[in-house]
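Structural description and commentary
Single-letter residue listing:
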Amino acid sequence: MQLIPRHDPYLVVHSTGDLTVAALRGELDLVLVRHLRPELDALVRESDALTLDIRRLTFCDATGLGLLAHCAGRTRQRGARWRLVCDQPLILRLIRLTALDDLLRPEAPLPDDPPEAWPDEPSDAPPDALPGGLPDGPSFGLVAQPEPAGLRLSGPGATRPVS
């Protein structure tokens, strides 16, 4: 596989013949979707077979799922082959809960899939930074928050002081 040179800490693209593999990493949220969409749209338009490897994603929100669904739908609409490689339990659960498994068809990695699609060179931006170098925000909905001290649940959605 030939590495297509680019300087993006969130997307690495490999291509051989008609097969294109695009690997994503980081948190696929509104900001990263806006950053990646033009590049992914070009890959969808130009690839005869597109594999999207999302094993290195740490988070995916509804906007990220929308981008994945858009890529899968447009790739198939063109008659090209689509493959989504994912082994992240939370993302797989999100795909299942939103009934997108028929469209996205996530697959576990195959033995011949490369374990890491990232070049060995260090990235200029830390993996948890957003495009532009801003620190990443909290991942709402996926991180358990501790209860405030002195409060406990006494019913659905209600709290009261502990005596």
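Data block above holds the structure.
1. Examining the environment of Arg96
Take Arg96: it is sitting in helix α3 (residues 89-97). For the pair Arg96 and Pro106, spaced 10 residues apart in sequence, the C-alpha to C-alpha distance is 9.7 Å.

2. Focus on the pattern of salt bridges
For the structure shown, the criterion picks out three salt bridges. One salt bridge connects Arg55 with Asp53, and the closest N-O pair in it is separated by 2.6 Å. Here Arg55 falls in the buried class, since its relative accessible area comes to 15%.

3. Description of helix α2 (residues 62-77)
For α2, spanning 16 residues, the distance from its first C-alpha to its last is 22 Å, which sits close to the expected 22 Å at 1.5 Å a residue. Taken together, the buried positions of α2 are Gly64, Leu65, Leu67, Leu68, Ala69, His70, Cys71, Ala72 and Thr75. Against the buried residues of α2 lie β3 (19-28), α1 (30-46), β4 (49-60), β5 (81-85), α3 and α4 (101-104). Backbone nitrogen of Thr63 and a side-chain oxygen of the N-cap are separated by 3.0 Å at the start of α2; the cap is Asp61. A positive backbone phi angle near 85 degrees is found at Gly79, which sits one or two residues after α2.

4. Some thoughts on the pairing of strand β2 (residues 11-16)
The buried fraction of β2 is high, at five of six residues. Across six bridges, the pairing between β2 and β3 is antiparallel. If you follow Val12 over to β3, its bridge partner there is Ala23. Where β2 folds back on β3, the antiparallel hairpin that results is connected by two residues, among which Gly17 adopts a positive phi of roughly 55 degrees.

Rules behind the numbers
Residues numbered from 1 in each chain as written. Predicted model: local features only at pLDDT ≥ 70, side-chain atom pairs only at ≥ 80, totals over all residues. Heavy atoms only, no water. Helix = DSSP H or I, 4+ residues; strand = E, 2+ residues; numbered from the N terminus. Salt bridge = Lys/Arg side-chain N within 4 Å of Asp/Glu carboxyl O. Buried < 20%, exposed > 50% of the residue type's maximum accessible area, 1.4 Å probe, protein only. Expected span 1.5 Å × (residues − 1). Contact = heavy atoms within 4.5 Å. Polar contact = N/O pair within 3.5 Å; in protein donor to acceptor, adjacent residues only side chain to side chain. Pairing = 2+ DSSP bridges.

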